[in-house]
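Overview (structure and organization)
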Amino acid sequence: MSHSSAPPPERSRPRFGLGADGTSSPLMLLVKIAGLAIVAAIAVWAAMPLLRTDNWVGLAILVAVTALAFYVYLSPRPVPLKYLLPGTLFLIAFQIVPVVYTVSTAFTNFGDGHRGSKEQAITAIEGASVKQVPDSTIYTLTLATDGDPATGDIVFLLADPSTQESFVGTADGLEQLDDGTFESPTPGGKITEADGYTVLTVPQVNARQTDIQEFSVPTDAGAIKSQGLSAAFEGAPQQSYDTGCDCVTDATSGNTWTADDSSGSFVSDDGGRALAQGWKVGVGFDNFTRVLTNDTIRSSFLRIVVWNFAFAIGTVVICFALGLLVAVALNNPLLKGRTLYRSLIILPYTMPSVAMYLVWREMFNTDFGLMNRLLGTDINWFGTTASSMFAIFLIQLWLGYNYMFLVITGALQSISTDLVEAAGVDGAKPFYAFRTITFPLLLVALAPLLITSFAFNFNNFPAIFLTSQGGPFPPDNPSAGGTDLLITYTYRLAFGGSGADYGFAAAISVFIFLIVAVVSIIGFRRTQALEEIN
């Protein structure tokens, strides 16, 4: 009698779940559970503001991405996606989305006074023109925010001493506070605490002073504005919007500003200045054509582009030249103490570049700087464009040549000496052998580095902003200095004190991207030509 010894049937994998892809290790299962839990937590956290702002498109994208992540890590099939998905999502979030947002912003008038919708602009205009009128209601004011004191929406906690009623005033209007939801020492007295809101301290009020001055609570009679830090009044707007003429009229002067949807502004009928508050609209290629058609901007832009190329190329060339000279000198085996020399040369490279820029700026100080003391001069180094450029190049040389020395030294030691020795046997002199053999081989190895160094210095914001700050500035154009790079010029347009112009700054950023991209493509093609030397 024989007994069949058939192997036990294999346990089939689940078609969908934590172990569907064959993961059986308890540790890896815990890692997968933790990872998916983090994804779910981030999705819930990100969904809250999207729901609050009715951003249904963003919410749909968030749900789709979250579902895709769960499908990829719970399904047995798309194994390659398990490795590609995180990198792809980070690439989209931190590379593609910022580029798309920057390019889309370049086609708008987004900036100070043009941040929201037309309805928001009308509300802001009417709110800013509110003035106290006879028999205005005076409230006891407590300043607060909805959420974080530094970034939350401003809220007025109001108490009416005459009626002993308490209210909360937001950008949406006035709402009465229920008993038990706030604290006040006396009925109708100053509110000291309210559920859901953060009462601001004096330092926090000072930090939000601009927001408080611009804030108003819309009411049926007009709006409520702050009057100092502890009182508010309900006044009537002096400028009101009329839907019939699509215009804003000033009750005091009678002036009228008509809406211009192409520029996103209320434009004066008599040709005067438009109202400061407008709304965000698409302006097509206007931001790009301003660079070419506006005489002031065009001359500044072309001058900055020329200096930007000179700065980037000049920095790379002088640092490479000095680094090559020092590297070749210290590569001579007959030289004693090479390790000590190399350590001393590398030393500046170990120091924080930001701190070094600040130190060098003080060294070029006219009155107390080391440079003038050593030279016995009183030169205002950052007072003229030429001296400022010279100082910047000197700083860049000090900060950059040691890095070039490092990489050139490594490249020199990787080149076989047989070629040079063979050239010497054939009668080639050392300089001729270096020029025809060593240097071309160095360029093959270092050309990509030189291209990336050019791209880095083309956008070297700290080198300018921490030293000359883009100056000196001509009297007729304080936005474009003599040593400004495109990146510092863009920064001043976007965040300068004269008012942010994000749309135009984004257009300049697109120009920077195109310039660097074209130069990099040409450079890498030249690098491929150099590889034929091998």
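Bringing the overall build of the protein chain into the picture now. Across its full length, the protein chain holds 17 helices and 15 strands. The C-alpha extent of the protein chain, read off along each of the three principal axes, is 115 × 105 × 45 Å. Computed over 28 positive and 43 negative side-chain charges, the separation of the two mean positions in the protein chain equals 19 Å.

Below, the discussion takes up the environment of Val306. Relative to the assigned elements, Val306 resides in helix α8 (residues 295-330). We classify Val306 as exposed; its relative accessible area is 58%. Considering only alpha carbons, one finds Val306 and Thr66, 240 residues apart in sequence, at a separation of 47 Å.

Before going further, it helps to examine the sheet that holds strand β12 (residues 239-242). Read across the open sheet, the four strands follow the order β12-β13-β14-β15; overall the sheet is antiparallel. At either margin of the open sheet sits one strand with a lone partner, and together these are β12 and β15 (265-268). Direction aside, the axes of adjacent strands within the sheet are offset by 30 degrees on average. As defined by bridge partners, strand β14 (residues 256-260) adjoins β15 across four bridges and the pair is classed as antiparallel. Looking across to β15, one finds that Ala259 is bridged to Phe266. The sheet strands contacting helix α4 (residues 118-128) are β12, β13 (247-250), β14 and β15, and the helix crosses β12 at an angle near 150 degrees.

Across all of its chains, the model carries 27 aromatic pairs by this definition. Ring centres 5.8 Å apart and planes at 10 degrees place the aromatic pair Phe90 and Phe94 in the stacked group. Linking Phe90 with Phe94, this pair stays in helix α3 (residues 79-105), spanning four residues, or about one helical turn. Neither residue differs from the other here; Phe90 and Phe94 are each classed as exposed. Between Phe110 and Tyr502, the ring centres sit 5.1 Å apart and the planes meet at 40 degrees, which makes this aromatic pair tilted.

Cut-offs applied
- Residues numbered from 1 in each chain as written.
- Predicted model: local features only at pLDDT ≥ 70, side-chain atom pairs only at ≥ 80, totals over all residues.
- Heavy atoms only, no water.
- Helix = DSSP H or I, 4+ residues; strand = E, 2+ residues; numbered from the N terminus.
- Lys, Arg positive; Asp, Glu negative; His and termini not counted.
- Charge placed at Lys NZ, Arg CZ, Asp CG, Glu CD.
- Buried < 20%, exposed > 50% of the residue type's maximum accessible area, 1.4 Å probe, protein only.
- Pairing = 2+ DSSP bridges.
- Axes fitted to C-alpha atoms, helices over the stretch in contact; angles between N-to-C directions.
- Contact = heavy atoms within 4.5 Å.
- Phe/Tyr/Trp six-rings, centres within 6.5 Å; stacked < 30°, edge-to-face > 60°.

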